[in-house]
Amino acid sequence: MTVPAAQVPVGGSATVKDPASGDAVYIVQPSAGKYTALSSVCTHSGCAVNPPKDGQLYCPCHGSKFDAATGAVINGPAVKPLPHYTVTKNGEQLELGPQQSA
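Keep in mind that this is a model prediction, so the values were computed, not measured. (Residues numbered from 1 in each chain as written. Predicted model: local features only at pLDDT ≥ 70, side-chain atom pairs only at ≥ 80, totals over all residues. Heavy atoms only, no water.)

Looking now at unusual backbone geometry. A positive phi is found at aspartate 54, a non-glycine position, where the angle reads about 55°. Position of aspartate 54 relative to the elements: it lies in the loop between strand E4 (34–39) and strand E5 (56–58). Under the relative-accessibility criterion, aspartate 54 is labelled exposed at 72%. (Helix = DSSP H or I, 4+ residues; strand = E, 2+ residues; numbered from the N terminus. Buried < 20%, exposed > 50% of the residue type's maximum accessible area, 1.4 Å probe, protein only.)

All right, on to the sheet that holds strand E3 (residues 24–31) then. On the basis of which strands lie adjacent, the open sheet formed by six strands has the order E1-E9-E8-E4-E3-E2 and antiparallel pairing. Each of the sheet's edge strands pairs with one partner strand only, and the pair in question is strand E1 (2–4) and strand E2 (13–17). Direction aside, the axes of adjacent strands within the sheet are offset by 30° on average. Bridge analysis of E2 against E3 gives five bridges, and the strand direction is antiparallel. (Pairing = 2+ DSSP bridges. Axes fitted to C-alpha atoms, helices over the stretch in contact; angles between N-to-C directions.)

Below, the discussion takes up the environment of aspartate 18. With respect to the helices and strands, aspartate 18 occurs in the loop between E2 and E3. Take aspartate 18: its relative accessible area is 7%, and that puts it in the buried class. A sequence separation of 17 residues divides aspartate 18 from methionine 1, and the C-alpha atoms of the two residues are 7.8 Å apart. Contacts of aspartate 18, omitting those with residues within four sequence positions, involve Asp23, Val25, Tyr85, Leu96 and Gln99. There is a polar contact of 2.6 Å between the side chain of aspartate 18 and the backbone nitrogen of alanine 20. (Contact = heavy atoms within 4.5 Å. Polar contact = N/O pair within 3.5 Å; in protein donor to acceptor, adjacent residues only side chain to side chain.)

So, about the sheet that holds strand E7 (residues 73–75). To summarise the sheet geometry, strands pair through backbone hydrogen bonds and adopt either a parallel or an antiparallel arrangement. Read from one edge to the other, the open sheet built from three strands follows the order E5-E6-E7, with strand pairing classed as antiparallel. Edge positions in the sheet fall to E5 and E7, since each of these pairs with one other strand and no more. Strand-to-strand, the axes of this sheet are offset by a mean angle of 35°, without reference to chain direction.

This paragraph deals with the state of the cysteines. Under the counting rule described, the total for this entry stands at one disulfide. Covalently, cysteine 47 is tied to cysteine 61 through a disulfide, its sulfur atoms 2.1 Å apart. For the disulfide bridge between cysteine 47 and cysteine 61, the dihedral angle about the S-S bond is near -105°, and by the sign convention the bridge is left-handed. One end of the pair, cysteine 47, is in the loop between E4 and E5; the other, cysteine 61, is in the loop between E5 and strand E6 (65–67), and 14 residues separate them in sequence. Sulfur of cysteine 42: no disulfide; nearest cysteine sulfur belongs to cysteine 59 and is 3.8 Å away. Classification of cysteine 42 as buried rests on a relative accessible area of 4%. Residue classification places cysteine 59 among the buried positions, given a relative accessible area of 2%. (Disulfide = S-S within 2.5 Å.)

The analysis is restricted to geometry; functional conclusions fall outside its scope.
Here it is as structure tokens:
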């Protein structure tokens, strides 16, 4: 999956689908020129987390919050970080890579 880099502003995100699972994945640019991608599936009970806002991803089911730059848990009940994916910039396109092992 690819998305134009221009669609991912600093502090913002673009949504793509994981080709393996079909789940939504957020490609984020937490700081200029640094890209990462995070699963939208909460590690607590599998609910879909909201897109990144104010540097965090929020799960509406039970209130878990995750860091939008790293996927780390800010507050629970989730205890595991969001799975992350590699992102490669190829010209003006961002390419979603495989999910990384924890």
